[in-house]
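Given next are the chains, with one letter for each unit.
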Amino acid sequence: MEHPENSDEYKGLAVNKGVEQPSTVNPYFKGRQFKRQPKLSVAEYVDGIVKGNVAVLSRAVTLVESLLPEDQAIAQEVIEKCLPYSGNSVRIGISGVPGAGKSTSIDSFGLHVLKDGGKLAVLAIDPSSERTKGSILGDKTRMERLSVHPSAFIRPSPSAGSLGGVARKTRETIVLCEAAGYDKIFVETVGVGQSETAVHSMVDFFLLIQLAGTGDELQGIKRGIMEMADGIIINKADGDNADKAELAARQFRNALHLFPATESGWMPQVLTYSGFYDLRIKEVWDMVWAYIDFVKKNGYFDVRRNEQAKYWMYESINESLKNGFYNSPVISAMLEQKEKQVLNGELTSFVAARQLLDLYKLQ
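These numbers were taken from a predicted model, which means no experiment stands behind them. Per chain, residues are indexed from 1 in the order of the written sequence. Since the coordinates come from a predicted model, pLDDT governs what is reported: local features require at least 70, and pairs of side-chain atoms require 80 or more to be given and counted, while whole-chain, interface and lining totals use all residues. Hydrogens and waters are ignored; side-chain quantities use all the structure's heavy atoms.

Draft legend 1. Geometry of the overall build of the protein chain. A run of H or I in DSSP counts as a helix once it spans at least four residues, and a run of E counts as a strand once it spans at least two, with each numbered from the N terminus. Helix and strand counts for the protein chain come out as 12 helices and 7 strands. By definition in these notes, contact holds between two residues if any of their heavy atoms fall within 4.5 Å. Once local pairs closer than 6 in sequence are excluded, the contacts in the protein chain between residues at least 24 apart make up 74%. Note on areas: Shrake-Rupley, 1.4 Å probe, and residue coverage restricted to the protein chains presented here. Counting only carbon and sulfur atoms, one obtains 55% of the accessible surface of the protein chain, whose full area is about 21,100 Å².

In structure tokens:
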């Protein structure tokens with residue numbers, strides 16, 4: 001009997017067969033619908049980038065971010081051929097503590113600078129989880145207006161636990177964006193301290209976003225980031241917070257007078273604005289363009305670009321040596337043994353490191 005519960009002993013209880021459930025597989029599915037895009041040659045990448053093809057530019061940036069050796073080889077060749085078309089943009093670094101409103105401000109800043117024409121690329125360094133190594137990469141959701149602007153290109157990149165590595169890739173991405181005709185580049189940092197140094201070494205103007213009413217505003221004087229800033233802006237200067245923002249601005253101005261003169265000869269300015277309500281955005285960018293004009297006239301603009309190129313040469317050497325060390329089969333075989341000796345108290349950390357380095361030199 002198909003349903004024993006329908007027998008006489010269970011009289012009064014009836015169980016129906018029920019409705020037949022449809023298949024979980026779509027009956028109209030006819031196999032894989034999406035074909036993998038064909039690989040592009042170096043010449044096709046360069047040609048597409050120079051013509052401003054956003055799809056090709058995006059694929060080239062993905063190539064730069066790839067960890068595969070074959071992708072890196074192609075990426076470096078593409079970057080080398082794009083170099084003659086680069087260097088014609090104004091690069092702006094934008095930093096601030098988490099929650100300062102960087103993404104919202106960039107949305108307003110981007111629309112403002114695009115009013116006069118040109119193209120804008122926004123390169124956002126997004127923090128990655130130390131546990132899962134994943135990133136949200138959700139900056140576009142907070143740049144609602146800019147993300148749909150035809151002259152804007154927004155590219156978030158995961159820090160993946162290596163600020164030096166992602167910063168190098170960001171600098172290479174800048175070259176690609178400039179070759180694609182983007183004459184204004186925004187680089188948004190993670191906002192956790194160390195990344196600011198790397199970003200400062202690849203931009204022409206470093207903009208620091210601060211908040212009022214979060215405690216002792218002069219606490220910022222203890223951080224090296226204050227010395228890097230070419231301009232400080234106090235966000236959320238609207239409503240009841242406007243007076244607090246003005247007070248914070250005065251305190252920051254007083255703090256800046258305690259710092260030595262900058263190499264550029266420019267005295268960093270402190271302004272208030274509201275990124276959410278688009279208040280005093282023009283004043284902020286008048287300050288940025290005034291700085292660019294100032295350093296171009298006194299020659300510091302080119303000096304800073306040259307120093308940055310030299311800095312990244314040495315950074316590339318350091319990264320290459322580090323990768324070569326850890327990827328060495330000899331070192332990989334000895335690393336665990338030396339680690340155990342350090343943990344067991346048989347060797348100090350410094351002696352173990354020296355022995356490994358000496359072993360690497362003998363290869």
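Draft legend 2. Region of the structure containing helix H11 (residues 329–343). A helix is expected to span 1.5 Å multiplied by its residue count minus one. Between its first and last C-alpha atoms H11 spans 22 Å; for 15 residues at 1.5 Å apiece the expected length is 21 Å, and the two agree. The largest bend along H11 reaches roughly 30° and is located at Leu335. Inspection of H11 places Ile331, Lys338 and Gln341 among the buried residues, and these make up the whole buried set. In this structure, the buried residues of H11 make contact with helix H10 (300–326) and helix H12 (349–361). The quantity called bend is, for any residue, the angle between two axes fitted respectively to the seven residues ending at it and the seven beginning at it. Note on classification: 1.4 Å probe, protein chains only; a residue is buried when its accessible area is under 20% of the maximum for its type, exposed when over 50%, partly exposed between these limits.

Draft legend 3. How the structure looks around the confidence of the model for the protein chain. On a scale of 0 to 100, pLDDT captures the predictor's confidence in every residue. Across the protein chain, the average pLDDT comes to 83, with 82% of residues at 70 or higher. Low pLDDT (under 50) marks residues 128–138, which in the prediction has 20 contacts with non-local residues, meaning those over four places away or in another chain.

Draft legend 4. Layout of the nonpolar core. Definition used in this section: a nonpolar core is a set of buried Ala, Val, Leu, Ile, Met, Phe, Trp, Tyr and Cys residues joined via side-chain atoms within 4.5 Å. Counting 49 residues, the largest nonpolar core has Ile49, Leu176 and Ile234 as its most contacted members. If we skip the residues at most four places from it in the chain, Ile234 touches Gln210, Leu211, Ala212, Ala245, Ala248, Ala249, Phe252, Val270, Leu271, Thr272 and Tyr273. If you look at the next biggest cluster of nonpolar residues, it comprises 33 residues, including Val90, Phe205, Ile209 and Val284.

Draft legend 5. Fine view of the side chain of Ser86. Relative to the helices and strands, Ser86 is located in the loop between helix H3 (69–82) and strand E1 (90–96). Whenever a nitrogen or oxygen atom comes within 3.5 Å of another N or O atom, the pair is scored as a polar contact, on the condition that within protein one atom can donate a hydrogen and the other can accept it, and that pairs from neighbouring residues in sequence are kept only if both atoms are in side chains. In terms of polar contacts, Ser86 uses its side chain to reach the backbone carbonyl oxygen of Leu83, at 2.8 Å. Here Ser86 is in contact with Val175, Glu178 and Ala179, once residues within four sequence places are set aside.

Draft legend 6. Structural view of the pattern of salt bridges. Every case where a carboxyl oxygen of Asp or Glu lies within 4 Å of a side-chain nitrogen of Lys or Arg is listed as a salt bridge. Inspection of the entire model under this criterion finds 11 salt bridges. The closest approach of N and O atoms between Lys282 and Asp286, which form a salt bridge, is 2.8 Å. On the criterion of helical spacing, the pair formed by Lys282 and Asp286 is a turn pair, its members being 4 residues apart in helix H9 (residues 281–298). Its relative accessible area of 38% is what places Asp286 among the partly exposed residues. Lys340 is the partner of Glu336 in a salt bridge, and the nearest nitrogen-oxygen pair spans 3.9 Å. Note that Glu336 and Lys340 are positioned in helix H11 at a spacing of 4 residues, about one turn of the helix. Here the residues in one salt-bridge network are Asp107, Arg145 and Asp278, joined through shared partners.

Draft legend 7. Quick peek at the packing of helix H1 (residues 42–50) against helix H2 (residues 54–65). Closest axis-to-axis distance for the H1/H2 pair is 8 Å, and the angle between their directions is 125°. Viewed along their axes, H1 and H2 adopt a mutual orientation that is oblique. Along this stretch, H1 crosses H2, giving a crossing that reads as left-handed. Contacts between H1 and H2 involve Glu44, Tyr45, Gly48 and Ile49 from the first element and Val56, Leu57, Arg59, Ala60 and Leu63 from the second. The axes used here are C-alpha line fits, helices contributing only the stretch in contact, and every angle between their N-to-C directions lies in the interval 0 to 180 degrees. Any angle that is under 35 degrees is reported as roughly parallel, and any over 145 degrees as roughly antiparallel; angles of 65 to 115 degrees are reported as roughly perpendicular and all others as oblique. When the near helix sits turned anticlockwise from the far one by under a right angle, the crossing is termed left-handed; a clockwise turn instead gives a right-handed crossing.

Draft legend 8. A look at the packing of aromatic side chains. Paired rings are identified among Phe, Tyr and Trp, the last through its six-membered ring, by centres lying within 6.5 Å, and are further divided according to the angle between planes into stacked (under 30 degrees), edge-to-face (over 60) and tilted (the rest). A complete count under the given rule lists 12 aromatic pairs for this structure. Ring centres of Phe109 and Tyr273 lie 5.6 Å apart, and the angle between their planes is 35°; on these two criteria the pair is classed as tilted. Highlighted residues: Phe109 in helix H4 (residues 102–114) and Tyr273 in the loop between strand E7 (269–272) and H9, separated in sequence by 164 residues. A relative accessible area of 0% means that Phe109 is categorised as buried. Among the residues examined, Tyr273 registers a relative accessible area of 0% and is labelled buried. With a centroid separation of 5.9 Å and 40° between ring planes, the pair formed by Phe153 and Tyr182 is classed as tilted. Linking Phe153 in strand E3 (residues 152–158) with Tyr182 in the loop between helix H5 (163–179) and strand E4 (184–188), this pair joins segments that are 29 residues apart in sequence. One aromatic cluster is present, built from ring pairs that chain together Phe109, Phe186, Tyr273, Trp285 and Trp289. Geometrically, a charge over a ring is one whose NZ (Lys) or CZ (Arg) sits within 6 Å of the ring centre while staying within 35 degrees of the ring normal. Lying across the ring of Tyr182, Lys119 places its NZ or CZ 4.3 Å from the centre. The ring centre of Phe301 lies 5.0 Å from the NZ or CZ of Lys296, which sits over that ring.

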